[in-house]
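A closer look at the structure
The primary structure of each chain is shown beneath.
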There are 2 protein chains.
Amino acid sequence: MSTLSRRVITAALLLPPVVGWILYMPSPWFDWVFGAVIMLAAVELIALFEFPQEKWVVGISMGSLLLMLLGVGFMQAIFMLALGWFLVLLCKHGDKQQLQRLALAQWMMVWLLIFFWVGMQTHSQKHGNYFILGACLGTWASDIAAYFVGRHFGRRKLCPAISPGKTWEGIMGAFALGVPVAAAFWAEYLPLSAPFTVALAVVLVASGITGDLAESAMKRAVGSKDSGHLLPGHGGLLDRIDALVISLPATGMIWLSL
Amino acid sequence: MSTLSRRVITAALLLPPVVGWILYMPSPWFDWVFGAVIMLAAVELIALFEFPQEKWVVGISMGSLLLMLLGVGFMQAIFMLALGWFLVLLCKHGDKQQLQRLALAQWMMVWLLIFFWVGMQTHSQKHGNYFILGACLGTWASDIAAYFVGRHFGRRKLCPAISPGKTWEGIMGAFALGVPVAAAFWAEYLPLSAPFTVALAVVLVASGITGDLAESAMKRAVGSKDSGHLLPGHGGLLDRIDALVISLPATGMIWLSL
């Protein structure tokens, strides 16, 4: 079976439970399932770095997710993560190389934790479930359009040093499909004006592309192509959520501040 | 003039304005002066990394400090910093090496921002000024004790790979002086029980030592000895506040959660 068909089948199987989860699961339960997904992504991320003291690094990450789930706070979670990881390095006599890898892993972990925190806060608002689903649909649509437009019309490379597959044509495709999908969904289900939803959708697609590039840059820095093999045809979980990790917080923070 | 005398003179000259600022400047003004100090430390930190696009990196850091000063939020500031720095790297076609250095710089910046946020929040509480002054006095006392005890009785190295000067004897000296100083000050000026202030003071000294080591590790990773030359005899500003950057948030978060 080709990678593409495997990709489509995996997506089709995952779509109904994911949409059902976002739309119909009430907030505290939504949060715990979300926390489990973030934890899987964190484990995948940490595995990429091949720390010799992996167990401890994972345990501390789980602790900081718990601090968030129990509502202690975002900053407290980041503080625990940064301090805990550094202490592990210290106790295991880690060297300069390992500190750099730890800092890089932490860079991605901070993104995951921001994603998690904004996701929880957004979902607990009125219409929050529709906001999140719109962000997901827009991000997925832009992802699909970038893939097909890039494949058939892609010529000018976007930034070959970080992500050789990305082209300016693909980016245009991402905006052409992603912006109307997200804007139309948000305008339909949320009490927002049409021009505002378009502006928000532009932020969504632009930040999603940035997220995609950020994950590519990180994988390149650790010398890996896929983040894992959890999802057939999609690489790892991180590869699947990389755009959303930035696009949901970027738009969610704007929406929450209204 | 010896380094030690220069160090003592600088400290003596700085002490009165710093104590006056902490004790008597009301919260919004305190915050802006604090913000200026953090910005100086951030500039010093960024200079250590010798980014080719330094101006932009500094500008984005200033933007995220402003987000905090205007009360937008800690997470928003971290998000802006991480996204902005990455976009600078992307636009300047930064490579893998630069991404690693950026991640390392961001690791320290996150500490500085947590320090700033907790400092502002603590200071705005009733007795917050006394809490901060106690944390400073305890941290300074433990620093001085570690220096002299380590110099005269230091034998067993703590972790030569990161900070060759630190010894277990110095650490014991730090606890022996720092804990009673902080605990006595807090017990005198804050409505806290004596055993609690002792426990908090132990956290203060332990986390201060960790902060000191974290800054040493970071400097070692970028291959620098002093963080700057701002304070005669003390090296840079970062070298002076490194312990406090961790010890104030560690104890401040506990105190704020009471």
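Quick caveat, the model's predicted, so the values are computed rather than measured.

On the side of chain A, 34 residues touch chain B, which itself brings 35 residues to the contact. Interface of chain B and chain A: buried area, both sides summed, is about 3,500 Å²; carbon and sulfur atoms make up 85% of it. Scanning the region where chain B abuts chain A turns up 0 salt bridges. One can count 2 residue pairs in polar contact (both at pLDDT 80 or more) joining chain B with chain A. Mapped by element, the contributors of at least two residues to the side of chain B that touches chain A are α4 (74-91), α5 (96-123), α8 (194-222) and α9 (237-256) of chain B. When residues in the side of chain B that touches chain A are grouped by element, the largest group, 12 residues, is from α5 of chain B. In terms of residue class, the side of chain B that touches chain A is made up of 29 nonpolar, 4 polar and 2 charged.

Here we come to the pattern of salt bridges. All names here are of chain A. This model, assessed by the stated rule, comprises 10 salt bridges over all chains. Residues Glu 215 and Lys 219 are paired through a salt bridge, measuring 3.9 Å at the closest nitrogen-oxygen approach. Taken together, the positions of Glu 215 and Lys 219, both in helix α8 (residues 194-222) and 4 residues apart, correspond to about one turn of that helix. With respect to class, Glu 215 is no different from Lys 219; both count as buried. What you see here is one network of salt bridges that share partners, running through Glu 215, Lys 219 and Asp 239.

Rotating chain B by 180° about the axis while translating it 0.0 Å along that axis superimposes it on chain A, leaving an RMSD of 0.0 Å. Taken together, the rotation and translation relating the two chain copies correspond to the operation of a two-fold axis. Closest to the rotation axis within chain B is the C-alpha of Ala 103 of chain B, separated from it by 2.7 Å. The fraction of interface residues of chain B whose copies in chain A are also interface residues reaches 97%, indicating that both copies meet through the same surface.

Glancing now at the packing of α5 of chain B against α9 of chain B. The axes of two packed helices give the description: the angle between them and the distance between them. Residues and elements named next belong to chain B. Where α5 contacts α9, the axes come no closer than 8 Å and their chain directions differ by 50°. Of the possible angle classes, the one that applies to α5 and α9 is oblique. Seen along the crossing, α5 lies across α9 with a hand that is left-handed. On α9, the residues touching Trp 111, Leu 112, Ile 114, Phe 115, Val 118, Gly 119, Gln 121 and Thr 122 of α5 are Leu 238, Ile 241, Leu 244, Val 245, Ile 246, Leu 248, Pro 249, Gly 252, Met 253, Trp 255 and Leu 256. Looking at the contact of α5 with α9 residue by residue, the classes come out as 15 nonpolar, 4 polar and no charged.

With that settled, the discussion passes to helix α1 (residues 3-24) of chain B. Residue and element names in this part refer to chain B. Helix length check: α1, at 22 residues, gives a terminal C-alpha distance of 32 Å against a target of 32 Å (1.5 Å per residue), a fit within 8%. At Leu 15, α1 shows its largest bend, some 35°, and a proline, Pro 16, comes one to four positions later. Elements in contact with the buried residues of α1: α2 (27-49), α5 and α6 (128-153).

This next bit is on the packing of aromatic side chains. Residue and element names in this part refer to chain A. Across all of its chains, the model carries 29 aromatic pairs over all chains by this definition. With 5.2 Å between their ring centres and 70° between their planes, Phe 34 and Phe 116 make a pair best called edge-to-face. Of this pair, Phe 34 sits in helix α2 (residues 27-49) while Phe 116 sits in helix α5 (residues 96-123), placing them 82 residues apart in sequence. Among the residues examined, Phe 116 registers a relative accessible area of 0% and is labelled buried.

So, on to the pairing of strand β2 (residues 163-167) of chain A. All names here are of chain A. Both strand β1 (residues 157-159) and β2 contribute to a ladder of 2 bridges, which runs antiparallel. Within the sheet, the bridge partner assigned to Lys 157 lies in β2 and is Thr 167. Joining the antiparallel neighbours β1 and β2 is a turn of 3 residues.

Together, Trp 32, Leu 66, Leu 70 and Val 72 of chain A make up a nonpolar patch on the protein surface, roughly 390 Å² of accessible area in all. Mapped onto the elements, Leu 66 of chain A comes out in helix α3 (residues 54-69).

What follows concerns unusual backbone geometry. Peptide bonds are trans in most cases, and residues, glycine excluded, mostly fall at negative phi. With phi around 65°, His 127 of chain A is a residue other than glycine that occupies positive phi space. Considering the arrangement of structural elements, one finds His 127 of chain A in the loop between α5 and α6 (128-153). Despite not being glycine, Glu 50 of chain B has its phi angle at roughly 50°, a positive value. Locating Glu 50 of chain B in the fold gives a position in the loop between α2 and α3 (54-69). Assessed through its relative accessible area of 61%, Glu 50 of chain B is described here as exposed.

What counts, and at which threshold
- Residues numbered from 1 in each chain as written.
- Chains lettered and ligands numbered in written order.
- Predicted model: local features only at pLDDT ≥ 70, side-chain atom pairs only at ≥ 80, totals over all residues.
- Heavy atoms only, no water.
- Contact = heavy atoms within 4.5 Å.
- Buried area = accessible area lost by both parts, 1.4 Å probe.
- Salt bridge = Lys/Arg side-chain N within 4 Å of Asp/Glu carboxyl O.
- Polar contact = N/O pair within 3.5 Å; in protein donor to acceptor, adjacent residues only side chain to side chain.
- Helix = DSSP H or I, 4+ residues; strand = E, 2+ residues; numbered from the N terminus.
- Nonpolar A, V, L, I, M, F, W, Y, C, P; charged D, E, K, R; others polar.
- Buried < 20%, exposed > 50% of the residue type's maximum accessible area, 1.4 Å probe, protein only.
- Least-squares fit on C-alpha atoms with pLDDT ≥ 70 in both.
- Axes fitted to C-alpha atoms, helices over the stretch in contact; angles between N-to-C directions.
- Parallel < 35°, antiparallel > 145°, perpendicular 65-115°, else oblique.
- Left-handed = near helix turned anticlockwise from the far one by under 90°.
- Expected span 1.5 Å × (residues − 1).
- Bend = angle between axes of the 7 residues up to and from the residue.
- Phe/Tyr/Trp six-rings, centres within 6.5 Å; stacked < 30°, edge-to-face > 60°.
- Pairing = 2+ DSSP bridges.
- Patch = residues over 30% accessible without salt bridge, like charges linked within 9 Å, V, L, I, M, F, W, Y side chains within 5 Å.
- Areas by Shrake-Rupley, 256 points an atom, 1.4 Å probe, with all protein chains shown as cover.

Don't take any of this as a statement about function, it's just geometry.
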